[in-house]
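As a plain string of letters, each chain reads:
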Amino acid sequence: QNVKQRTRMLAGSAANCWYSAIASIQITTASISFISSVAVAVSVWRAGLGNNGPYTRLIFSISVGDILRSLALIVGPFAPPASVPQARWSIGNQVTCSASGFLFGFGGYLFAMNSTFLCFYYLCKIKRKMSNEIFSAKFEWKIQAFIIISNLLVNLAALGLGTLNANVNGMFCAYAPFPNGCRQNEELFGECAEPRSTNA
């Protein structure tokens with residue numbers, strides 16, 4: 001029995017060390033990304049956001065997306081509900097988790113879509129020799145409107161359906177089932193809950 005207790009204590013200590021190491025790396029790298037993106041966004045804003053062509057506006061949008069996503073990762077280990085066993089640093093509740101998950105989803109979507117849009121911009125510039133004025137009139141504002149509207153719809157729907165929860169290792173909140181870990185081990189963590197609309 002003493003051997004089993006010692007084994008459990010060692011396993012728990014190892015899990016705590018692993019979580020602390022990964023969470024510290026996540027916070028550090030996300031902080032570096034956050035500071036860098038803030039510096040880029042401020043520089044672009046000061047240079048004149050509307051007067052320097054689609055490229056600078058796309059870079060600004062990418063920076064804003066990374067700022068939001070990085071902020072969600074910085075607070076990630078602290079945001080999940082304190083009842084989540086995997087979230088060892090958690091001091092939050094479902095509201096803080098949902099808010100953090102919304103920032104993570106919105107920022108990640110904004111970052112990914114505008115990065116793709118930037119590739120399309122260069123395709124038009126290099127292959128079609130398209131001027132900035134024609135690109136803006138033909139594509140930029142329509143695509144930016146689509147990105148913002150679709151991003152809001154997706155993440156507001158996730159918020160309304162209650163699908164913004166702690167991820168499987170409790171490091172941050174994102175699109176995830178509840179309770180935490182239910183897909184990996186239903187016997188240990190319980191059966192995954194249905195989205196709110198199906199329970200109405």
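On a predicted model such as this, the values are computed, not experimentally measured, just so you know.

Asker: Even after reading the chapter, I still don't get the packing of helix α2 (residues 53-75) against helix α4 (residues 132-161), so can you show me in this structure?
Answerer: One way to put it is that α2 packs onto α4 with a least axis distance of 9 Å and a crossing angle of 25°. One way to sum up the angle between α2 and α4 is to call them roughly parallel. For the pair α2 and α4, the contacting residues are Gly53, Pro54, Arg57, Leu58 and Ser61 in the first and Asn132, Phe135, Ser136, Glu140, Trp141 and Gln144 in the second. Residue composition of the contact of α2 with α4, by class: four nonpolar, five polar and two charged.

Asker: I tried to follow the packing of helix α3 (residues 94-126) against α4 on my own but got confused; where do I start?
Answerer: Helix-helix packing: each pair is described by the crossing angle between the helix axes and the interaxial distance. In contact at an axis separation of 10 Å, α3 and α4 are set at 160° when each is read in the N-to-C sense. With respect to each other, α3 and α4 are oriented roughly antiparallel. At the point where α3 passes α4, the crossing takes the right-handed sense. Partitioning the contact of α3 with α4 into residue classes produces 17 nonpolar, eight polar and two charged.

Asker: Help me out: how do you make sense of the nonpolar core in this one?
Answerer: Most often, soluble globular proteins have nonpolar side chains that are buried together. Within the largest apolar cluster, 20 residues are counted, with the highest numbers of intra-cluster contacts made by Leu118 and Phe135. Looking at this core, the elements that each hand over two or more residues are α1 (2-48), α2, α3 and α4. The leading source of residues in this core is α3, at seven residues. Non-local contacts of leucine 118, meaning those with residues more than four positions away in its chain, are made with Tyr55, Leu58, Ile59 and Ile62. Among the nonpolar cores identified, the runner-up in size contains 12 residues, and Ala23, Ala30, Ile74 and Ala166 belong to it.

Asker: Explain the state of the cysteines here, please?
Answerer: Cysteine pairs can be linked by a disulfide, which is a covalent bond between their two sulfur atoms. Across all of its chains, the model carries one disulfide by this definition. In this model cysteine 97 forms its disulfide with cysteine 173; the gap between the sulfur atoms is 2.1 Å. Residues cysteine 97 and cysteine 173 are joined by a disulfide whose S-S torsion is about -115°; by sign, that bridge is left-handed. Here cysteine 173 lies in strand β2 (residues 173-175) and cysteine 97 lies in helix α3, a separation of 76 residues in the sequence. What makes cysteine 173 buried here is its relative accessible area of 0%.

Asker: What's the story with the side chain of threonine 56 in this structure? I'm lost.
Answerer: Assignment of secondary structure puts threonine 56 in helix α2. When its relative accessible area of 17% is taken as the criterion, threonine 56 is described as buried. For threonine 56, the side chain forms a polar contact with the main-chain oxygen of glycine 53, separated by 2.9 Å.

Asker: Looking at this model, I keep getting lost on a positive patch on the surface. Mind explaining?
Answerer: A cluster of basic residues, Lys127, Arg128, Lys138 and Lys142, forms a positive patch on the protein surface. Among the structural elements, lysine 127 can be located in the loop between α3 and α4. The exposure class of lysine 127 is exposed, given its relative accessible area of 69%.

Reading guide: rules and limits
Residues numbered from 1 in each chain as written. Predicted model: local features only at pLDDT ≥ 70, side-chain atom pairs only at ≥ 80, totals over all residues. Heavy atoms only, no water. Axes fitted to C-alpha atoms, helices over the stretch in contact; angles between N-to-C directions. Helix = DSSP H or I, 4+ residues; strand = E, 2+ residues; numbered from the N terminus. Parallel < 35°, antiparallel > 145°, perpendicular 65-115°, else oblique. Contact = heavy atoms within 4.5 Å. Nonpolar A, V, L, I, M, F, W, Y, C, P; charged D, E, K, R; others polar. Left-handed = near helix turned anticlockwise from the far one by under 90°. Core = buried A, V, L, I, M, F, W, Y, C linked by side-chain atoms within 4.5 Å. Buried < 20%, exposed > 50% of the residue type's maximum accessible area, 1.4 Å probe, protein only. Disulfide = S-S within 2.5 Å. Polar contact = N/O pair within 3.5 Å; in protein donor to acceptor, adjacent residues only side chain to side chain. Patch = residues over 30% accessible without salt bridge, like charges linked within 9 Å, V, L, I, M, F, W, Y side chains within 5 Å. Areas by Shrake-Rupley, 256 points an atom, 1.4 Å probe, with all protein chains shown as cover. Salt bridge = Lys/Arg side-chain N within 4 Å of Asp/Glu carboxyl O. Lys, Arg positive; Asp, Glu negative; His and termini not counted. Charge placed at Lys NZ, Arg CZ, Asp CG, Glu CD.

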